[in-house]
Amino acid sequence: MKRMEIQHLTAIIISSIFVNNFVLARFLGLCPFIGVSKRVDSALGMGMAVIFVMTMASLVTWIIQHYILEVFGIPYLRTITFILTIATLVQFVEMVIQKVSPNLYNALGIYLPLITTNCAVLGAAILNITDELGLIASLVQGFASGVGFTLALILMAGIRQRLEVSHVPKVMDGLPIAFIVAGLMSIAFLGFAGFSF
Amino acid sequence: MVLSELSPILTSPLSVGSLGILFGAGLAYASRKFAVEVDPRVQKLVEALPGANCGGCGYPGCQGFAQALVKGEASPSDCAPGGNALAQRCAEILGIEVEAKEPVVAVVHCGGDCDKVGNRFEYIGLEDCRAATLVQGGPKECSYGCLGLGSCVRACPFDAIFMAANGLPVVIAEKCTGCGNCVEACPKDLISLAPVSKKVHVLCRSRDKGAIVRKLCKVGCIGCQMCNKICPVGKEKEDKAIIVTDNLAEINYEKCISCGLCASKCPTGTIIDEAERGKAFIDSEKCVGCTVCARACPVGAISGERKQAHVVDEAKCIGCEICVAKCPPKISAIKIVKSEPAVGKKDAA
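Figured I'd write up the structure that's included with this text. (Residues numbered from 1 in each chain as written. Chains lettered and ligands numbered in written order. Predicted model: local features only at pLDDT ≥ 70, side-chain atom pairs only at ≥ 80, totals over all residues. Heavy atoms only, no water.)

Moving on: unusual backbone geometry. Residues and elements named next belong to chain B. Positive phi outside glycine occurs at Gln136, with the angle close to 55°. Tracing the sequence through the fold places Gln136 in the loop between α5 (129–134) and α6 (151–155). Taking relative accessible area as the criterion, Gln136 reaches 65% and is therefore assigned exposed. Its identity as a non-glycine residue notwithstanding, Asp189 has a phi of 55°, on the positive side. Along the chain, Asp189 turns up in the loop between α7 (181–185) and β4 (191–195). (Helix = DSSP H or I, 4+ residues; strand = E, 2+ residues; numbered from the N terminus. Buried < 20%, exposed > 50% of the residue type's maximum accessible area, 1.4 Å probe, protein only.)

Dropping the structure here:
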């Protein structure tokens, strides 16, 4: 690969994980973010599932966009076909997890199929198109976005585990303090804004 | 022919439709390949089980127990809260036979409340017996005794145990299911599970010498062995239902017949008798005068000539019910009449 390409891909990775973090900067995928971040091990499991779905979705949706939608002149069908693809992928991931690790399956519960309708994966797929990236770059962006999501999820889980044994005012206990913490983390991640290669 | 100039009415449904068919086929294949075998009996068992997830069976929750049942690793009678009714229901679902087990309840083997035992030091720390035990064995003067901070109360998933005002836990027998969570929670190993029918218990676990126990606790066991001598079960010291080892009397519930004699003889009031005792009464029309009951009576309350109806001296009778068991089943001339409160030392708390 040319030097420019490697630089371009590195920029995509850094940008997707830190500068434009899907949860903390773009505010996408908040539902599983708040829902699964109570314990670090289930957060990690969820993160892995999201990375896999985002990467595979980036691949399949890029192919669909360039070889079906643009060829047949029907770019307006992007949303529906992308959702169809993501739903299929999530179903597939659910089956695999149920077989391989029933404990993780029970721990994730309803949040696993929630990856389907959550905007993070669709956002990743559509961003690849609007940024007009090639296939490799799309894959890398999808993967890195998943890693960024996982990072935010694990950080949040670590903080929430400690919050459980801290003295939180009764009014704020549970969801309120979780959202406030998410907001504070968001402000912290603002520090990455302006990074460029 | 440029594909993009094809009529969109044709291409839209064709493209989305064929994508849908392709994905559907892929998922159908994957669902076969990644199929998880679920035994339908597991679902029925989970519905039948109490759903308390107490862990008394030793498996992770009722779901875990149901899975172990279908695998044959567990027996339906392992579920203490469910009792015999549940064991029968599970046996029906599984298609196996199961024997009825006697239900057990928790018994706290300590009688040393705040009035009877003092403190060595003032304990300031986490209000938990397990934490307090780490500080030189706890604040009580008797190092074997109950600390009264409520670890057992918190461990009970059925609210069957509560802390009384005097600092000792009280078990509500009707709610107790014998799951064993309190047994594990107590750091002093003071709680055990005893069959419901056994009403006589030794409320002490102290292995200190009698002289030391006497100084520390008014109701502690001093190892005097009077209970062992009076016990009617077995001939030798080692065969009796209550044996003293290491300065502590312990009841073997399999041998014990709950007669209450040891409780009546215990000089320190360590052994309690929770049974409601009545008096024996011999029906003179049924009695044939075989004298078996008179010979069995430990206090000599039955008198009578051979082949003539026997009589019970109510003043002497302690309601141990040994005579009732000895009277031949075909005759059954003796019955217990309950009218007064029980004889025998009761727990003063």
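Having seen it, we continue.
With that out of the way, let us pick up the layout of surface pockets. Each pocket or cavity is described by its volume, and for the largest pocket that value is around 650 Å³. In terms of lining, the largest pocket is formed by 23 residues, of which the most central are B:Ala106, B:Val170, B:Val171, B:Ile272 and B:Glu274. Listed by contribution, the elements that provide at least two residues to the lining of the largest pocket are β1 (104–108), β3 (169–171) and β4 of chain B. Taken together, the residues that form the lining of the largest pocket break down as 17 nonpolar, two polar and four charged. What the second largest pocket holds in volume is close to 510 Å³. Taken together, 15 residues line the second largest pocket, and the ones lying closest to its centre are A:Pro102, A:Asn106, B:Val38, B:Gln63 and B:Gln67. Contributions of two or more residues to the lining of the second largest pocket are made by α5 (102–108) of chain A together with α2 (40–48) and α3 (61–71) of chain B. Across the lining of the second largest pocket, the residue classes tally to six nonpolar, six polar and three charged. (1 Å grid on protein atoms, 1.4 Å probe; cavity = no way out; pocket = protein on both sides within 12 Å on 5 of 7 lines; lining within 4 Å. Points joined across faces, edges and corners; volume = space filled by probe spheres on them. Nonpolar A, V, L, I, M, F, W, Y, C, P; charged D, E, K, R; others polar.)

Below, the discussion takes up helix α7 (residues 119–130) of chain A. Residues and elements named next belong to chain A. The end-to-end C-alpha distance of α7, which contains twelve residues, comes to 16 Å, matching closely the 16 Å that a straight helix rising 1.5 Å per residue would cover. Counting buried positions over the twelve residues of α7 gives nine, a clear majority of the element. Buried within α7 we find Ala120, Val121, Leu122, Gly123, Ala124, Ala125, Leu127, Asn128 and Ile129. Elements that come into contact with the buried residues of α7 comprise α3 (40–69), α4 (78–100), α6 (114–117) and α8 (135–164). Count one or two residues on from α7 and you reach Glu132, which has phi positive near 55°. (Expected span 1.5 Å × (residues − 1). Contact = heavy atoms within 4.5 Å.)

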